[in-house]
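# Descriptive analysis of the structure
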Amino acid sequence: MDRELLLLSTICFLAAVGRTIVELRARIFRPVGFNFFAIGLGFIFQTGFLSIRGHALGRCPLTNLFEVLVFLAWSVALIYLLVGPVYRLSLMGAFTAPLVVLLQGIALLAPIDKPHAVKMPANPWLEFHASMSLVAYGAFALACIAGVMFLLQERQLKTHQLRSIFYHLPPLSDLFAAITRLLWWGFALYTLGLVAGFFIGQPLPMRQVICAIGVWLLYAAILQGRHLRRLAPKSVAALCIIGFSAALTLLWGITFTGQMNLP
Amino acid sequence: MNLFCVGLSHHQTDVEARERFAGHAETNCILREAGCTEALLLATCNRVEVYGASDKRISTDEVARCLAREIDHDPHPYAAPFYRYEDEKCAQHLFRVASGLDSMVVGETEILGQAKKAYEQARAGGVAGRYLHRLFQRAFRVAKQVRTRTEITRGSVSVGSIAVDLAGKIFGDLAKCKVLLLGAGETGERTARALASRGVIDLRVSNRSEERAAILAQSVVARAIPFAHWTKQCQEVDIMITSTSSEKPLLMREKLEPMLRARIDRPLFIIDIAVPRNVDPGVNELGGVYLYDIDSLQSIAEQSLALRRQQVIIAEEIIAEHVAEFSKLLARGLNTGVGNSEPRSIGDTASQTL
């Protein structure tokens, strides 16, 4: 039942991607309306999936790479639904949906949904750490998406080649403001998650700690550069993309190695 | 009973020919002398058209005579090449006109407002009845659909409006932007005025002739800056419009680069509309600087027009759907369908006949 919900959710996001592609090909791109509805519906199915899985496990569904990917996709959709309308970044849906499809597609297709042989006891600090970190990843993902939009817009302005999508992209200043706010939100949540990790009450694997602190330092450096006006908006946008790619790789590494080490 | 349209437009006539007809016609004359039951006059700078409903075929000469009444005593006032469309062709033509497909600048939206105004006037005057009501209401619907379902109105096509749009794409809210107008060229002044109309408050003017700068500053509500001090402004302003008659570039990359270090997080938009150019093209390679010269602005205007032309096919498909639907309504005497309510005060003859 839960996988069916996840499949339905993926179809919703896929519909948003498909619609965007068709409209871009026909050069009649209109970002509002359908995409927001499709993502909203997909989010409901995602929530349904996580809820069922959570009840079955008796804890936050973050016990294997499959669940981590779905939770991350859910965080991305959640942040989009919160941020998109507030900052009038409706076009962000066109960029968010492919990322969610990619995450959930891997989750559904790869053989990574392996249940634990031993039922792990619920640990509130561990669950708080994991869920906060993943919601922070959702904010970093949206900052990365806003970064892509910024660079796309900036390139068209520099080269004087204005494509159809140019007219739907928000102004550079708005995108940069959104990137900055998303980075701050993501950083605050990630810091909370990181601190919670030290209260788990179990010995922490050194490699995971180093990776987590590495991600924290990376985003701290971006924000510091922005705060001190040492980084140009274009560099911040590029670093958001690089930062999220690195963070995602590390997340995969942490979760995958963690799963491999389980009994 | 049939619907018809008789008129002339920028496609067939020059402005001189259109001037002979525009603005002097009376729909009453068309109703009374040409024998229409309903009539509506759409007169703009690019077209003069009469939309009407009549029992018999009305000669274009009759309409031309009414349109030219009182203003033209030329012995051959009707030599202008009037076109004529009937029933579904008439509907198709109006749908295209209202959607901006028949305009000189494809996709312009002003014509829709003009058509609405013409319809309101005809309705208030009691000369537009059920037929024209249905025809025009449908035309307004079609125009709205074309505008929302295609990109036909996207992009600006004049230098001033492109500059303003680009500024909006870089800065969002222009109210907080500081603008420097360097030189007192006419296009520069127009662009500055366009920016002011979009909310720019802090406007500065600098010119070799301080007197001219002061006059211009007063005219566009700006602050005059001595020409010797304009380079320092590059550190402060967000938008710079250059239009001096200098033979050599005034702003070189080497001069601007050090000034940008102090404003790393603030973009600089430079609109160089001078010929020869006032700004070294290499400036565009600097991070955070967006330089547009007259050629690049005109190239964007062409891109916008090309984009609009690509959308014409999609718009024509939308129109064709509506024409097909409207033809069915016409065949049924326009008696069914949504919005069957009569407009206020239609001509008695028209309502009785229908």
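Keep in mind the model is a prediction, meaning the values are calculated, not measured. (Residues numbered from 1 in each chain as written. Chains lettered and ligands numbered in written order. Predicted model: local features only at pLDDT ≥ 70, side-chain atom pairs only at ≥ 80, totals over all residues. Heavy atoms only, no water.)

## A look at the packing of helix H4 (residues 92-109) of chain A against helix H5 (residues 124-159) of chain A
Residue and element names in this part refer to chain A. Taken N-terminus to C-terminus, the directions of H4 and H5 make an angle of 125°; their axes are 10 Å apart at the nearest point. Considering the angle they form, H4 stands oblique to H5. Seen along the crossing, H4 lies across H5 with a hand that is right-handed. Where H4 abuts H5, its residues Met92, Phe95, Thr96 and Leu99 lie against Ala141, Leu142, Ile145, Ala146, Val148, Met149 and Leu152. Taken together, the residues that form the contact of H4 with H5 break down as ten nonpolar, one polar and no charged. (Axes fitted to C-alpha atoms, helices over the stretch in contact; angles between N-to-C directions. Helix = DSSP H or I, 4+ residues; strand = E, 2+ residues; numbered from the N terminus. Parallel < 35°, antiparallel > 145°, perpendicular 65-115°, else oblique. Left-handed = near helix turned anticlockwise from the far one by under 90°. Contact = heavy atoms within 4.5 Å. Nonpolar A, V, L, I, M, F, W, Y, C, P; charged D, E, K, R; others polar.)

## Quick word on the pairing of strand S5 (residues 178-182) of chain B
Residue and element names in this part refer to chain B. Of all five residues making up S5, four are buried, and the element is well covered by its neighbours. Here five bridges tie S5 to strand S6 (residues 202-206), and the two strands are oriented parallel to one another. When the bridges of S6 are listed, Val179 appears paired with Leu203. Crossover S5 to S6 through helix H8 (residues 186-197) is right-handed. Of the strand pairs in this sheet, S5 and strand S8 (residues 239-242) are connected by four bridges, and their pairing is parallel. Following the sheet pairing, Leu180 is matched in S8 by Met240. (Buried < 20%, exposed > 50% of the residue type's maximum accessible area, 1.4 Å probe, protein only. Pairing = 2+ DSSP bridges. Right-handed = clockwise from strand over helix to strand, strands pointing away.)

## Some points on the state of the cysteines
All names here are of chain A. Evaluated as defined, the whole model comprises zero disulfides over all chains. We note that Cys211 lacks a disulfide partner, and the nearest cysteine sulfur, in Cys144, lies 19 Å from it. Using a relative accessible area of 17% as the deciding quantity, one classes Cys211 as buried. (Disulfide = S-S within 2.5 Å.)

## Remarks on a nonpolar patch on the surface
Residues and elements named next belong to chain A. A cluster of nonpolar residues, Trp125, Phe128, Leu192, Val195, Phe198, Phe199, Leu204, Ile213 and Leu217, forms a patch on the protein surface that exposes about 830 Å² of accessible area. Counting only elements with at least two residues in the nonpolar patch, the list comes to H5, helix H6 (172-197) and helix H7 (206-227). Tracing the backbone shows Trp125 in helix H5. The partly exposed category is assigned to Trp125, whose relative accessible area is 41%. (Patch = residues over 30% accessible without salt bridge, like charges linked within 9 Å, V, L, I, M, F, W, Y side chains within 5 Å. Areas by Shrake-Rupley, 256 points an atom, 1.4 Å probe, with all protein chains shown as cover. Salt bridge = Lys/Arg side-chain N within 4 Å of Asp/Glu carboxyl O.)

## Describing H5 of chain A
All names here are of chain A. Counted at 1.5 Å a residue, the expected span for H5 with its 36 residues is 52 Å, and the 52 Å between its end C-alpha atoms agrees. With a side-chain oxygen lying 3.0 Å from the backbone nitrogen of Trp125, the N-terminal cap of H5 falls on Asn123. Where H5 terminates, the next one or two residues include His160, which has phi positive at roughly 65°. (Expected span 1.5 Å × (residues − 1). Polar contact = N/O pair within 3.5 Å; in protein donor to acceptor, adjacent residues only side chain to side chain.)

## Comments concerning the confidence of the model for chain A
Mean pLDDT over chain A: 86, with 89% of residues reaching 70 or higher. No element of chain A has a lower mean pLDDT than helix H8 (residues 233-260) of chain A, at 85, and none a higher one than H6 of chain A, at 93. (pLDDT = per-residue confidence, 0-100.)

## Some points on the sheet that holds strand S9 (residues 268-272) of chain B
Residue and element names in this part refer to chain B. Spatial strand order, S7-S6-S5-S8-S9-S10: six strands in an open sheet with parallel pairing. A single partner strand is all that each edge strand has here, and the edge strands are strand S7 (223-225) and strand S10 (289-293). For this sheet, the mean angle separating the axes of adjacent strands, direction not counted, is 20°. The pairing of S8 with S9 spans four bridges and is classified as parallel.

## Section: the pairing of strand S2 (residues 38-43) of chain B
Residues and elements named next belong to chain B. The buried fraction of S2 is high, at five of six residues. When S2 meets strand S3 (residues 47-54), the two strands line up antiparallel, connected through six bridges. Its bridge partner being in S3, Glu38 is matched across the sheet by Ala53.

## Considerations on the interface of chain B and chain A
Facing 30 residues of chain B, the contacting portion of chain A comprises 28 residues. Buried surface at the junction of chain B and chain A, summed over both partners, amounts to about 2300 Å²; 51% is from carbon and sulfur atoms. Considering only the surface of chain B that becomes buried against chain A, Lys169, Ile264 and Asp265 of chain B emerge as the three largest contributors, covering 28% of it. Taken together, chain B and chain A are joined by two salt bridges. Measuring nitrogen to oxygen at the nearest pair gives 3.7 Å for the salt bridge that ties Asp265 of chain B to Arg226 of chain A. Where chain B meets chain A, there are 14 residue pairs in polar contact (both at pLDDT 80 or more). Broken down by secondary-structure element, the contributors of at least two residues to the side of chain B that touches chain A are helix H6 (130-149), helix H7 (159-171), S10 and helix H11 (294-331) of chain B. (Buried area = accessible area lost by both parts, 1.4 Å probe.)

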